[in-house]
Protein chains: 2
Amino acid sequence: MTKSNGGPHSFNPHYVPSEFLSRVSNFSIIESTLREGEQFANAFFDTAKKIEIAKALDDFGVEYLELTSPAASEQSRLDCIAIANLGLKAKILTHTRCHMDDARIAVETGVDGLDVVIGTSSLLREFSHGKDMDYIAKQATEVINFIKSKGLEVRFSTEDSFRSDLVDLLSIYKTVDKLGVNRVGIADTVGCATPNQVFELVRTLRGVVSCDIECHFHNDTGCAIANAHAALEAGATHIDTSVLGIGERNGITPLGGLVARMYATDREYVMGKYKLHKLRDVENLIADAVEVQVPFNNYVTGYCAFTHKAGIHAKAILNNPSTYEILKPEDFGMTRYVSIGHRLTGWNAVKNRVQQLGLTLTDEEVKKVTAEIKALADIRPRSIDAVDQLLREFHAEIHGESTPGSPQAKRTSETNEADESAEAATNGEANKKAKVDETVTA
Amino acid sequence: MTKSNGGPHSFNPHYVPSEFLSRVSNFSIIESTLREGEQFANAFFDTAKKIEIAKALDDFGVEYLELTSPAASEQSRLDCIAIANLGLKAKILTHTRCHMDDARIAVETGVDGLDVVIGTSSLLREFSHGKDMDYIAKQATEVINFIKSKGLEVRFSTEDSFRSDLVDLLSIYKTVDKLGVNRVGIADTVGCATPNQVFELVRTLRGVVSCDIECHFHNDTGCAIANAHAALEAGATHIDTSVLGIGERNGITPLGGLVARMYATDREYVMGKYKLHKLRDVENLIADAVEVQVPFNNYVTGYCAFTHKAGIHAKAILNNPSTYEILKPEDFGMTRYVSIGHRLTGWNAVKNRVQQLGLTLTDEEVKKVTAEIKALADIRPRSIDAVDQLLREFHAEIHGESTPGSPQAKRTSETNEADESAEAATNGEANKKAKVDETVTA
């Protein structure tokens, strides 16, 4: 693993003086699959499924679980109570409006804390130092004092923070910080923020409040993971995630994507906190529950995340995996696959396979058989079995002897030459290929 | 559409002085589905499919198409010739090693330019001002002069730029800039870079070379879109994309994600350049060709990208869509859907549906029927048809009359109450739902 020495700002001397505020190596995850995730179009979790998800996430190692407000429905309230009583290591939060009606119900459920949020973005966007501001401050004060009087953790968040007036934002955060909230929350509710904006807002807020700072990023414009990283660089302490990013619209910072990002920034810290090899199981659990496929290009667990294809890449990977991998697949319980039966293949990758099969060919011979593979693959890609067959036949022709024994050699080329693309199109097959791969790259 | 006034740095006074270098409103896309995308595990494009893809991307409006090196295989060479001769509006590039063998083949294909790249990252990472540096400079000089002598565009890129020595990088870029390349390229080949690192490197490079700057970002750690945005903020001029992000491993900056991001930054500019309503067709073309599903959470075109569920969101969306949407669905040929048959629903969303159906209920009555919907949905979510049926029956009970005529009212609740989650799980159904939605939100 080639870790980026010098931290995340190795090309960024401007940030070095304030590096001490960075929390990239000291953060907590607030896992919101059971709240934000329940707002995903397909999501409907019954009590048993919620408990299964809560236990899986707790086992993975997230620090907090956030649940749907007990004020949403009677079953939501009962589920809060059930999960709060599981005795998990993770702290249990519920997410409610900043309103006494909701707070009164929530504090009786046995949760460890309340994440309260101002109910409407338009309110915050439209007020400016007048009656609305006083109204928010008054309501927040009552709710926060009530929650604190019950001995529970409390976070106060605005909505749509990146389209709110900066002075108003800082003013309300300063007010609730003085009331003794545990965290203030910044939310990019519509998914419009960029990492530069996030960095500046969090850095500014870091100078205004003394409490922790939680961030919540929607992914409508593809910045939810990068924004989380920028927030931590600026001194945020808590990041909201959901498994596969499920949530309103196309969702929020995905748990798997965030751990991939933070692993690349500080591998030891992330590996010490989270059971990364369980990520795939957690994702499959959620994908089944909400009836979606894990995206083909998903971080870490997408079936092609560790597939190398171009000849130039394959060559380097075979020499030293870190040349083309910032994530070590084995750290996530995954395996690498070097694809060679296509027209972009290279002779170094083919040579490696020749050696794996125990065949003896000169470099010139390998180059010749590589040209044959390219010519065949120009018509259609070839499976690894088909390539092996071709290599054995080529070897036999040159050396005039039978090929080294292998059950694969006995297969007919008809069954072997299944289209590799079609083979790879299912996760099950990808797993099979991943096993082949171990022999390619061991 | 609420545009972020004051540009992408509205909370970022530090960047204002150098805002004039930003290219967020003046950039070009180098679309690499036919090069990087061909390195995706599943990709195999025959000539007809390549031509179909090239025409679709040209019609969408991308400025450049990048093709696989003609040195990769004989068919690759023939395909370069075929596409270069289509007479497209987009400029045609091919991507080759910085090597005379490849350059000689490429200049004969009729392409408009060559994107040349130093062949190995390890080479660049290990050299330091010695023999290797001279070797690279000498090779680059010969290749660049040769391409320029043929009157073609030339880009010179390093690989793995973010793990390369900064001084060496700047030195080689300065050398090739003096040789008169059209662009230098920065590549995050392993997907390790963060937006802050990108901003700093591009900003530094912007002061060193006078030519254009192209950036290529892999997405292993989820920053490929945000990095592209940061690069443009710092003065980069060209961004590499592929449709759905397909490429080596989990791919690069996706075309759809980039246009969503840049639309949020400058809607008018992006809408003036690209036919956004054709994005879905282009993505479906590629998804079919490489046999993958468009991810459920895909930018813009994922089936839930414009689905609103939580009561608080639904209420605001019904009042003013921009409260929870930074992208206008109609700008992309998409439609909005407000989901109401679930336990997170709210009475404002239900009231809106009541009005759509031509029913007359007081607010108190709507709150009562909303409680009924929540109670039913606590057991399992209800389809829009089932909710409509329930609203009509509730209305009839109160008003003691038959419900306003509607073919839906005649359906049995048995067939109507299909599980909404299951319904939503296919794109076809999502389209059906999107139509329902028009009536909800019109």
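Figured I'd write up the structure that's included with this text. (Residues numbered from 1 in each chain as written. Chains lettered and ligands numbered in written order. Predicted model: local features only at pLDDT ≥ 70, side-chain atom pairs only at ≥ 80, totals over all residues. Heavy atoms only, no water.)

1. Quick word on the overall build of chain A
Heads up, the rule is: Helix and strand assignments come from DSSP, with helices taken as H or I runs of at least 4 residues and strands as E runs of at least 2, each series counted from the N terminus. Only protein chains enter the accessibility calculation, which uses a 1.4 Å probe; a residue is then buried when its area is under 20% of its type maximum, exposed when over 50%, and partly exposed in between. It only takes one pair of heavy atoms within 4.5 Å for two residues to be counted as in contact. In short, Shrake-Rupley with a 1.4 Å probe defines the accessible areas, and a residue's cover is counted only from the protein chains shown.
When helices and strands are tallied, chain A shows 19 helices and 10 strands. A total of 442 residues make up chain A; the buried ones form 63% of that total. The long-range fraction of contacts in chain A, counting pairs at least 24 apart against all pairs at least 6 apart in sequence, stands at 73%. For chain A, the exposed surface amounts to about 15300 Å²; the carbon and sulfur share of it is 49%.

2. As for the sheet that holds strand S2 (residues 64-67) of chain A
All names here are of chain A. Just so we agree on the cut-off: Paired strands, as defined in this entry, are two strands with at least two bridges between them according to DSSP. In this analysis an axis means a line fitted to C-alpha atoms, helices contributing only their contacting stretch, and an angle means the value between N-to-C directions, from 0 to 180 degrees.
Pairing in this closed barrel of 8 strands is parallel, and the strands run S1-S2-S3-S4-S5-S6-S7-S8 around the ring. Each strand of the sheet is rotated relative to its neighbour by a mean of 25°, with strand direction disregarded. Of the pairings in the sheet, the one linking S2 to strand S3 (residues 91-97) comprises 4 bridges and is parallel in character. Bridged to Leu65 within S3 is Ile92. Strands strand S5 (153-157) and strand S6 (183-188) of the sheet are contacted by helix H6 (residues 166-178), whose axis makes an angle of about 155° with S6.

3. Observations regarding the relation of the copies chain B and chain A
How we decide: C-alpha atoms of residues with pLDDT of at least 70 in both copies form the basis for the least-squares superposition of the copies.
Once chain B is rotated about the relating axis by 180° and shifted along it by 0.0 Å, it coincides with chain A to within an RMSD of 0.0 Å. Taken together, the rotation and translation relating the two chain copies correspond to the operation of a two-fold axis. Identified as the residue of chain B closest to the rotation axis by C-alpha distance is Pro295(B), at 2.4 Å. Mapped onto chain A, 100% of the interface residues of chain B again fall at the interface, so both copies present the same surface.

4. Quick look at the environment of Leu244(A)
Summarising the element assignment, Leu244(A) is placed in the loop between strand S8 (238-241) and helix H9 (255-265). Each C-alpha atom, one on Leu244(A) and one on Phe60(A), is 14 Å from the other, the two residues being 184 residues apart in sequence. With residues up to four places along the chain from it excluded, the contact list for Leu244(A) reads Pro254(A), Glu283(A), Ala287(A), Val292(A), Val294(A), Pro295(A), Asn298(A), Phe296(B) and Asn297(B).

5. With respect to empty space enclosed by the protein
The test is simple: Cavities and pockets were defined on a 1 Å grid built over protein atoms only: a cavity is a set of grid points that admits a 1.4 Å probe from which the probe cannot escape, a pocket is an open set flanked by protein on both sides within 12 Å along at least five of seven lines, and lining residues are those with an atom within 4 Å of any such point. Grid points are joined across faces, edges and corners, and a volume is the space filled by probe spheres set on the points.
Counting across every chain of the model gives 7 cavities of 30 Å³ or more. Volume-wise, the largest cavity comes out at about 360 Å³.

6. Let's talk about the sheet that holds strand S7 (residues 212-217) of chain B
Strand pairing within a sheet occurs via backbone hydrogen bonds; the two strands may be parallel or antiparallel. Residues and elements named next belong to chain B. Here 8 strands make up a closed barrel; going around it, the order is S1-S2-S3-S4-S5-S6-S7-S8 and the pairing parallel. In this sheet, neighbouring strand axes are inclined to one another by 25° on average, regardless of whether the strands run parallel or antiparallel. As defined by bridge partners, strand S6 (residues 183-188) adjoins S7 across 6 bridges and the pair is classed as parallel. Bridged to Ala187 within S7 is His216. Docked against the sheet, helix H9 (residues 255-265) engages strand S1 (28-31) and strand S8 (238-241), running at close to 170° with respect to S1.

7. Quick look at the interface of chain B and chain A
Note the following rule: Note: buried area is the sum, over both parts, of the accessible area (probe 1.4 Å) each one loses when the two are combined. Salt bridges are defined as contacts in which a side-chain nitrogen from Lys or Arg sits within 4 Å of a carboxyl oxygen from Asp or Glu. Counted as a polar contact is a pair of N or O atoms within 3.5 Å, where, for protein atoms, one must be capable of donating a hydrogen and the other of accepting one, and residues adjacent in sequence contribute only when both atoms are in side chains.
Listed by partner, the interface residues are 101 residues for chain B and 101 residues for chain A. Counting each side, the surface lost to burial between chain B and chain A is near 8400 Å², with a carbon and sulfur contribution of 55%. Here chain B is connected to chain A by 2 salt bridges. Between Glu38(B) and Arg343(A) there is a salt bridge; the shortest N-O distance is 2.8 Å. The interface formed by chain B and chain A contains 28 residue pairs in polar contact (both at pLDDT 80 or more).

8. Quick look at helix H1 (residues 47-60) of chain B
Residues and elements named next belong to chain B. This is how it is decided: In this scheme, a helix's expected span is set at 1.5 Å multiplied by one less than its residue total. The arc in question is formed by the directions pointing from the helix axis toward the C-beta atoms.
A rise of 1.5 Å per residue sets the reference length of H1, with its 14 residues, at 20 Å; its end C-alpha atoms lie 20 Å apart and thus fit the reference within 8%. Of all the residues in H1, the buried ones are Lys50, Ile53, Ala54, Leu57, Asp58 and Phe60. The buried residues of H1 occupy an angular sector of 155° when projected down its axis, which confines them to one face. Looking at the packing, one finds that the buried side of H1 touches S1, strand S2 (64-67), helix H2 (74-84), H9, helix H10 (267-273) and helix H11 (279-289). Positive backbone phi, approximately 115°, marks Gly61, located one or two places after H1.

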